[in-house]
Each structure stands twice: as C-alpha cells, then as structure tokens.
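What the coordinates show
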Amino acid sequence: MQFLLSGSRAIHYEARGLAKGKPVIVFINSLGTDFRIWDSVMAELGDVYAYIRHDKRGHGLSDAGTTPYSIDDHVDDVLQLLDHLSISKAVVWGLSVGGLIAQGLYARRPDRVQALILSNTAHKIGNADMWNDRIDHIQRDGIAPLVDGVMERWFTPAFRRSDNGAYLGARTMLARQDRNGYAATCAAIRDADFSEAAKTIAVPTLCVAGDSDASTPPDLVGSLSALIPDSRLAIIDHCGHIPCIEQPAAYALVARAFLTSLPEF
C-alpha cells in the first residue's frame, strides 16, 4: 500500500507503470467508492499506459480530516500526488464528482492536464436542497439506509441481481464508506459550479454518459459537452452511473479510441 501525507491526512494511492515512460492516466473516483472501481478498465486498457489512482479524502483508506470539503480541497490532494510522483502532465479521467474535481484541476492548473475524460458528470450536479437533504440523512442515520436508492441510480435493473457478485461488492463498498467523508464530499458537490469554467477548457475532452444513468443522465452530460469547445460525447449502452463496474469493456473501448487520437499518445 502507498500513502501520501497531504497536510495531516494520509491519502491512499497506487501508481503503476510510471518508471517506463508511458503516457499517464490519473483516475478520480465517484462519490462513495474507492479506487478499486478502475480495476477492470485498467485490465482492458492494458500496460500501454501508466496509471495513478487514489482514494479521495474521506473514502476508502484515506483519512477524512477536517470536514466539510470543497472541490478545491480534493484538487489539492491530486496536485500534491502529482508533485509527489514528479508527474508534470497527465490525462485526467474523472467519474461523477471525480469529473468535477477534474474540471477544478484544469481551472486551476491547465498546464498539468494533457486531456480530460469527464464521465457521468456535469458542470453542476443537483441543487443545494437535494444535497443538504442527503447530508442531513447521512449525519442522522448513516449511509446504510441510502444504499438501495443509490444502487438504483448507479446501475441498471439487469445489473442489480442477487447473483451478480460485482453488484453485491459495489453495495458493500458504498455501505462501508466513512459517513463524514461522504457527507463532506456531498457538500463539495453542492457548492461546485463550472458552468463558466467549462467554456474555457482548451484540451482534448471526451464526455461519457451511461444511457440509463439516473444520477447524471445523458442530456446532462451532453449539456457539459456542449459547453466545452470541440469536446466529444460518447454514450455507453445498457449502463448506469458507474460504467467502470457495469460496462468496463465498452467504457474502455470509447476511452481507447479517444486516447489513441491524441498526438502525444
């Protein structure tokens, strides 16, 4: 296991393949998940690329620290990780809140971003009332009562089967997240709005949606793509909010087509 001290917090991360001079992909997770969600996508993409992934603060094995968070707090952790690993520039691939963090990273340090994959995300997700209600429920009752509802937004009915180990594992992963870290990241999502910043993105960008995503529907992801000059939009069939778990092969296929079109790749 690898850990980085970010302030007083320990951030759990993994770096793979960096010593071989390969193009670098930085993965940023969704709310309520840890970095294992990328396992199947990395297996599909193979060892052509180097990979960096981490558990966001308050998720997985990373400390929660002082709460609540802002998107800038999460950006701080990614930048410290890049500095720690001496990575000057990378493709930044963010899922859901990870896509907001990726946009925040570009807004602050565009020189560190080679390209963006903004997946199942938007320039603004939800509204203050929705997020405040969720924060209140989590602080009062914990995450467990929310799991069934979240699973309905994350995955299609065909995936939500009691004989599907990947689905059962995703349920357990969510239920075991730290309630304070989860609620603090809800506050970061609530306060994030990149409606204007998205218009200034000037690196190659792929926006990805799941056709059955109930959290960030295709129309919402499409509205983000419409804001970003010259961005591409891909929609994954038979897929909800977490394509790296539900449709990793199809997800990797559209990402590979984008990555191989980049001049540096």
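Presented here is an overview of the structure given in this document. (Residues numbered from 1 in each chain as written. Predicted model: local features only at pLDDT ≥ 70, side-chain atom pairs only at ≥ 80, totals over all residues. Heavy atoms only, no water.)

**Describing the pattern of salt bridges**
One pass over the structure, following the stated rule, counts 15 salt bridges. Of the charged contacts, one joins Arg 16 and Glu 14 as a salt bridge, the two residues approaching to 3.1 Å between their closest N and O atoms. Judged by relative accessible area, Arg 16 falls into the partly exposed class, the value being 39%. Taking the shortest distance from any N to any O, the salt bridge between Lys 199 and Glu 196 comes out at 3.2 Å. By sharing partners, the salt bridges in this structure join Glu 14, Arg 16, Asp 39 and Arg 53 into a single network. (Salt bridge = Lys/Arg side-chain N within 4 Å of Asp/Glu carboxyl O. Buried < 20%, exposed > 50% of the residue type's maximum accessible area, 1.4 Å probe, protein only.)

**Considering the sheet that holds strand E5 (residues 90-95)**
In spatial order, the strands read E1-E2-E4-E3-E5-E6-E7-E8; together these 8 strands make up an open sheet with mixed pairing. Of all the strands in the sheet, just strand E1 (2-6) and strand E8 (232-236) have a single pairing partner and so form its edges. Taken over all neighbouring pairs, the strand axes of this sheet differ in orientation by 25° on average, direction set aside. Of the strand pairs in this sheet, strand E3 (residues 24-28) and strand E4 (residues 50-54) are connected by 4 bridges, and their pairing is parallel. Bridge pairing in E4 places Val 26 opposite Ile 52. Packed on one face of the sheet, helix H8 (residues 218-227) meets strand E6 (113-119), strand E7 (205-210) and E8 and runs near 170° to E7. (Pairing = 2+ DSSP bridges. Helix = DSSP H or I, 4+ residues; strand = E, 2+ residues; numbered from the N terminus. Axes fitted to C-alpha atoms, helices over the stretch in contact; angles between N-to-C directions. Contact = heavy atoms within 4.5 Å.)

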